[in-house]
Amino acid sequence: MTNPISKFAVRLHQAVIEPALVLALRRSRLRRFDMTAGDVAEYPVEWHRPQDCRAPCPLHTDKVPKLLRRYAGQRPHSSTWSERTRLTPMLIAMDRLGDAAAFDALLKQRSSRTLSKIRKAERAGYGARQFMLASHVEDMHAVRTSMAFRAAGPVFDRWFLKPEHIDTPATERLTVGPPCCPVHWTIWWGIFLPEPGHRQNGVEVGERLVAYVKVMRIGDVVHYTEIMGHRDRLADSVMMLLHYRIVRWLIAQDEPAAKGAKVLLYGAAEHGGAGLLTWKKRAGFVPGRLRLA
Ligand SMILES: [Zn+2]
């Protein structure tokens, strides 16, 4: 899915730039939440969850997943170098959040306008749902190449990505099925706008994908990896609508895959510029500390 140049850039960034960013930015980023390092709450998380894990499971249990090595400590908080340079995960504590009304109240407390923007997007016809990647490859390519720069930095896809790099396009309509393992999965969530006659790889899908996020779950932790919207749709609050519907899905716990997630993670307080952090704050995230239980 990712080209070698992009992969190398990401690795270099995580090994060299990120620790420096943490040292330089943590204090000021926490201040945006009226917090100091002492206010950051710790969340113990378990990633194996053998009692809930079901075969065939995509998780390799031999070593701690890379995401958790980046974001979670192994021991209680200490002042070692690796602790001081570890990213500050932005979290929504699902298990402490409460019901859907509590989430609405949290959003309202962060910004008086977020809920009305979400409703406006829904009135305009945008809807969120899970989707099969293979069914919307061309639309995803359009989203990913619609901007040269994003909050996280330059988008190398702009120059290198071709639709066939994303996935082999489906040749018939596909339905979304539940993941094999309810606690270790990848689910694509998208924002769609009805568009009669719209086709992908010759297959009529009748709607256009305008924003998406690759959501992954590792035991207690659900996290956003790629999250992206088409440049022309961002002003319609499609990203906030997408996030809102995913959190509501997790709160409802109607599907096995949504049950019992403890935290939702979206990157670090040190990532991106002030605009991205403001977005995360409005979306209900708070800086936290993850510890592997
Ligand atoms: Zn599993």
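As a reminder, the structure under discussion sits directly above these lines.
Residues numbered from 1 in each chain as written. Predicted model: local features only at pLDDT ≥ 70, side-chain atom pairs only at ≥ 80, totals over all residues. Heavy atoms only, no water.

1. Some points on empty space enclosed by the protein
- All chains considered together, the criterion is met by one cavity of 30 Å³ or more.
- A volume near 40 Å³ is recorded for the largest cavity.
- Lining the largest cavity are A134, S135, A170, E172, R173, Q200, V203 and V205.
- Residue classes in the lining of the largest cavity are distributed as four nonpolar, two polar and two charged. (1 Å grid on protein atoms, 1.4 Å probe; cavity = no way out; pocket = protein on both sides within 12 Å on 5 of 7 lines; lining within 4 Å. Points joined across faces, edges and corners; volume = space filled by probe spheres on them. Nonpolar A, V, L, I, M, F, W, Y, C, P; charged D, E, K, R; others polar.)

2. Here we look at the pairing of strand 13 (residues 286–292)
- Counting buried positions over the seven residues of strand 13 gives five, a clear majority of the element.
- Sheet topology places strand 1 (residues 41–45) next to strand 13; five bridges connect them, and they run parallel. Among the inter-strand pairings, V45 is bridged to a residue of strand 13, identified as L292.
- Relative to strand 13, strand 2 (residues 72–73) runs parallel, the two being bridged by two bridges. Paired with G73 across the two strands is R291, which belongs to strand 13. (Buried < 20%, exposed > 50% of the residue type's maximum accessible area, 1.4 Å probe, protein only. Helix = DSSP H or I, 4+ residues; strand = E, 2+ residues; numbered from the N terminus. Pairing = 2+ DSSP bridges.)

3. A look at the layout of surface pockets
- Its volume calculated, the second largest pocket comes out at about 480 Å³.
- As for the second largest pocket, its lining consists of 24 residues, and the residues nearest its centre are R26, L30, A37, R84 and T88.
- Elements with a contribution of two residues or more to the lining of the second largest pocket: helix 1 (4–31), helix 3 (81–84) and strand 13.
- Per element, the largest residue contribution to the lining of the second largest pocket is six residues, and it comes from helix 1.
- A per-class count over the lining of the second largest pocket returns 10 nonpolar, seven polar and seven charged.

4. Re the coordination of the zinc ion
- Around the zinc ion, the donor atoms from the protein are C53 (SG), C57 (SG), C181 (SG) and H184 (ND1), and they sit 2.1 to 2.3 Å away.
- Seen from the zinc ion, its four donor atoms lie at angles of 102 to 119°, and the figure they make is tetrahedral. (Donors = N, O, S within 2.8 Å, 3.2 Å for Na, K, Ca; no water. Tetrahedral: all angles 85-135°; square planar, octahedral: opposite > 155°, others 65-115°.)

5. Some points on the side chain of H271
- Here H271 is to be found in the loop between strand 12 (263–268) and helix 11 (274–282).
- Residue H271 is classed as buried on the basis of its relative accessible area of 16%.
- Here E18 takes part through its side chain, which lies 2.9 Å from a polar atom of the side chain of H271. (Polar contact = N/O pair within 3.5 Å; in protein donor to acceptor, adjacent residues only side chain to side chain.)

6. A look at helix 7 (residues 137–144)
- Burial of helix 7 is extensive: six of the eight residues sit out of reach of the surface.
- When helix 7 is considered as a whole, its buried residues turn out to be V137, D139, M140, H141, V143 and R144.

7. Some details on the pattern of salt bridges
- A full pass over the atoms with the stated rule returns 14 salt bridges.
- Linked by salt bridges that have partners in common, R49, D52, D220 and K262 make up one network. (Salt bridge = Lys/Arg side-chain N within 4 Å of Asp/Glu carboxyl O.)

8. Some words on helix 1
- The axis of helix 1 is deflected most strongly, by about 55°, at L25.
- Three or more residues of helix 1 are buried, namely S6, E18, P19, V22, R29 and L30.
- The secondary structure elements touched by the buried residues of helix 1 are helix 2 (66–71), helix 3, helix 11 and strand 13. (Bend = angle between axes of the 7 residues up to and from the residue. Contact = heavy atoms within 4.5 Å.)

9. Focus on the nonpolar core
- Counting residues in hydrophobic clusters, the biggest one holds 48 residues, and the most contacted among them are F103, Y224, V247, L250 and L264.
- Broken down by element, this core gets its largest block of residues, 11 residues, from helix 10 (residues 238–252).
- Apart from the residues lying within four places of it in its own chain, the contact partners of Y224 are V213, K214, V215, H243, I246, V247, L264, L265, Y266 and F285.
- Within the second largest apolar cluster, 20 residues are counted, among which are L67, L68, L87 and V263. (Core = buried A, V, L, I, M, F, W, Y, C linked by side-chain atoms within 4.5 Å.)

10. Observations concerning the environment of E42
- Here E42 shows up in strand 1.
- For the pair E42 and R291, spaced 249 residues apart in sequence, the C-alpha separation works out to 6.9 Å.
- Here R291 takes part through its side chain, which lies 2.5 Å from a polar atom of the side chain of E42.

11. A look at the packing of aromatic side chains
- Evaluation of the coordinates by the stated rule reveals 10 aromatic pairs.
- A centroid spacing of 6.2 Å and a plane angle of 50° characterise the contact between F131 and W188, whose relative ring orientation is tilted. One end of the pair, F131, is in strand 4 (residues 127–131); the other, W188, is in strand 7 (residues 184–194), and 57 residues separate them in sequence. Residue F131 shares its accessibility class with W188, and that shared class is buried.
- Members of the aromatic cluster, each reached through a chain of ring pairs, are F131, W188, F192 and Y212.
- One cation-aromatic arrangement involves K280 over Y266; the distance from NZ or CZ to the ring centre is 4.5 Å.
- When the ring centre of F33 is taken as origin, the NZ or CZ atom of K281, which lies over that ring, is 5.3 Å away. (Phe/Tyr/Trp six-rings, centres within 6.5 Å; stacked < 30°, edge-to-face > 60°. Lys NZ or Arg CZ within 6 Å of the ring centre and 35° of its normal.)

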